[in-house]
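A look at the structure
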Amino acid sequence: MLRVAGLSVGVARPVGLRGTQVLPLLTDINLTVAAGEIVVVLGASGAGKSLLAHAIMNILPANAQCSGTIALHGHPITPLHPVALLPQHHGFLDPLARVGAQLSWMARRKGQAATPAALLASVGLDASVKRLMPHQLSGGMARRVLLALALGAAPDLIIADEPTAGLDPTNSTIVTTHLQTLAKRGGAALVITHDLMSVLPIATRVIVLDNGRIVAAAPAGQFTGAGEALPLPARNLWRALPENGFTDA
Ligand SMILES: Nc1ncnc2c1ncn2[C@@H]1O[C@H](COP(=O)(O)OP(=O)(O)OP(=O)(O)O)[C@@H](O)[C@H]1O
Ligand code: NI
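Residues numbered from 1 in each chain as written. Chains lettered and ligands numbered in written order. Predicted model: local features only at pLDDT ≥ 70, side-chain atom pairs only at ≥ 80, totals over all residues. Heavy atoms only, no water.

With that settled, consider the overall build of the protein. What the protein contains, in helices and strands, is seven helices and nine strands. Its C-alpha atoms give the protein a radius of gyration of 19 Å, within 12% of the compact-globule value 18 Å for 249 residues. Across its three principal axes, the protein shows a C-alpha extent of roughly 55 × 50 × 35 Å. The buried share among the 249 residues of the protein stands at 47%. Taking as baseline every contact in the protein between residues at least 6 positions apart, the subset at least 24 positions apart corresponds to 65%. In the form shown here, the protein has an accessible surface area of approximately 12,000 Å², with 56% of it arising from carbon and sulfur atoms. Taking the average location of the 18 positive side-chain charges in the protein and that of its 13 negative ones, the two points are 9 Å from each other. (Helix = DSSP H or I, 4+ residues; strand = E, 2+ residues; numbered from the N terminus. Rg over C-alpha atoms; globule rule 2.2 N^0.38 Å. Buried < 20%, exposed > 50% of the residue type's maximum accessible area, 1.4 Å probe, protein only. Contact = heavy atoms within 4.5 Å. Areas by Shrake-Rupley, 256 points an atom, 1.4 Å probe, with all protein chains shown as cover. Lys, Arg positive; Asp, Glu negative; His and termini not counted. Charge placed at Lys NZ, Arg CZ, Asp CG, Glu CD.)

By the element assignment, threonine 193 lies in strand β7 (residues 188-193). We classify threonine 193 as buried; its relative accessible area is 1%. Apart from residues no more than four positions distant in its own chain, threonine 193 is found in contact with Val40, Val41, Leu42, Gly43, Lys49, Glu162, Ser198 and Val199.

In this section: the site of ligand 1. If you check the shell around ligand 1, you find 14 residues, and the closest are Ser45, Gly46, Lys49, Ser50 and Leu51. Residue lysine 49 places a side-chain N or O atom 2.7 Å away from an oxygen atom belonging to ligand 1. One of the backbone N or O atoms of serine 50 is found 2.8 Å from an oxygen atom in ligand 1. Burial of ligand 1 by the surrounding chains reaches 63%, relative to a free accessible area of 640 Å². By residue number, the principal contributor to the shell around ligand 1 is helix α1 (residues 49-57), which donates three residues. (Near = heavy atom within 4 Å. Polar contact = N/O pair within 3.5 Å; in protein donor to acceptor, adjacent residues only side chain to side chain.)

Those protein atoms acting as donors to the nickel ion (ligand 2) are Ser50 (OG) and Gln88 (OE1), and they sit at 2.0 to 2.2 Å. Considering all four donor atoms around the nickel ion (ligand 2), angles at the metal cover 80 to 172 degrees and the coordination shape is square planar. A residue pair is termed long-range when its members are at least 10 positions apart, and serine 50 in helix α1 and glutamine 88 in the loop between β5 (83-86) and α2 (99-109) qualify at 38 residues. Relative accessible area serves as the criterion here: at 21%, serine 50 is assigned to the partly exposed category. What makes glutamine 88 partly exposed here is its relative accessible area of 26%. (Donors = N, O, S within 2.8 Å, 3.2 Å for Na, K, Ca; no water. Tetrahedral: all angles 85-135°; square planar, octahedral: opposite > 155°, others 65-115°.)

Turning our attention to the UniProt feature "domain: ABC transporter" (unreviewed entry) in the protein. UniProt records the feature "domain: ABC transporter" (unreviewed entry) at residues 2-236, using the numbering of this structure. With 28% helix and 30% strand, residues 2-236 has its two end C-alpha atoms placed 28 Å apart. (UniProt positions renumbered as here; feature names shortened; annotations may be inferred.)

This part is about the side chain of histidine 81. If you trace the backbone, histidine 81 turns up in the loop between β4 (64-72) and β5. What histidine 81 contacts, discounting residues up to four positions off in sequence, is Leu72, Pro76 and Lys110.

Glancing now at the domain arrangement of the protein. Here the domain parsing of the protein yields domain 1 (2-82 + 156-244) and domain 2 (96-154). Relative to domain 2, the C-alpha centre of domain 1 lies at a distance of 25 Å. Each partner contributes to the interface: domain 1 provides 16 residues, whereas domain 2 provides 11 residues. In total, about 980 Å² of surface goes out of reach between domain 1 and domain 2, with carbon and sulfur atoms giving 58% of it. At the boundary of domain 1 and domain 2, one finds zero salt bridges. If you look at where domain 1 meets domain 2, you find six residue pairs in polar contact (both at pLDDT 80 or more). Those elements giving two or more residues to the side of domain 1 that touches domain 2 turn out to be β6 (157-161) and α5 (169-184). Broken down by element, the residue count for the side of domain 1 that touches domain 2 peaks at four residues, all from α5. Residue classes in the side of domain 1 that touches domain 2 are distributed as nine nonpolar, four polar and three charged. (Domains from an automatic or database assignment. Buried area = accessible area lost by both parts, 1.4 Å probe. Salt bridge = Lys/Arg side-chain N within 4 Å of Asp/Glu carboxyl O. Nonpolar A, V, L, I, M, F, W, Y, C, P; charged D, E, K, R; others polar.)

Attention now goes to the pairing of β6. Most of β6 sits inside the fold, with five of its five residues counted as buried. Burial of β6 is two-sided: the residues Leu157, Ile159 and Asp161 facing one way and the residues Ile158 and Ala160 facing the other way are all buried. Two strands pair when backbone bridges link them, and β5 and β6 are joined in this way by four bridges, in the parallel orientation. Following the sheet pairing, leucine 85 is matched in β6 by isoleucine 159. Pairing between β6 and β7: five bridges, direction parallel. If you follow aspartate 161 over to β7, its bridge partner there is isoleucine 192. In terms of handedness, the path from β6 via α5 over to β7 forms a crossover that is right-handed. (Pairing = 2+ DSSP bridges. Right-handed = clockwise from strand over helix to strand, strands pointing away.)

Pasting the structure below:
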């Protein structure tokens, strides 16, 4: 479904009076996401996770330089494609538009019928939330509105950036259940996180991103016990989790 090949992203920064230098932020990223899969990209803060999401969605900042290829169903991604970003920050909501209007716009942009109340209900929000402005939403509500927006795009693929961060267990389950339903229906998700445990139950594969490079990849099922089957960088991360006793590998 999604194929990222040889993706590198750098930002130009000034050096001296006239020169510029490109600072590499992502280097030679290769990954695929097949129908039915939930691929987790695991990495520490600053590893380049959001940049990877933004590169795939073609919304990198103006100073970014990008090379490599990104294809969905074999073609470059356009705004009309059934792919949705579940962004990390609710700053992605339009601060001056009611929730209902934003849900309707998303549906229209993707050629779908607008069903704001049903979308809100599917993420556990009352239909009255349609009339609210983004600043009237709590953090957890805003994250669920972002999920409703992503679902409103009727996507084949959701790129979810820290989808469970800061959510209570009930809301976290709402998000992971939707991602799992999408994958079961033949869609797929690329889930970006620093918190493996919150998404491991739904993951099929885990890719470890460190300092802009992929350093390990393993089937999710290998993240069990002492992680004996895992490649070393993934095993070290796994064994360092509090749940696994902080053992220093
Ligand atoms: N527009 C930009 N110009 C310069 N550097 C940038 C830009 N955007 C991101 N960076 C840098 O790229 C690196 C990766 O950023 P990114 O937002 O992808 O991290 P992340 O893995 O998503 O982290 P977090 O878990 O904190 O969200 C960071 O060092 C960041 O400072
Ligand atoms: Ni991020």
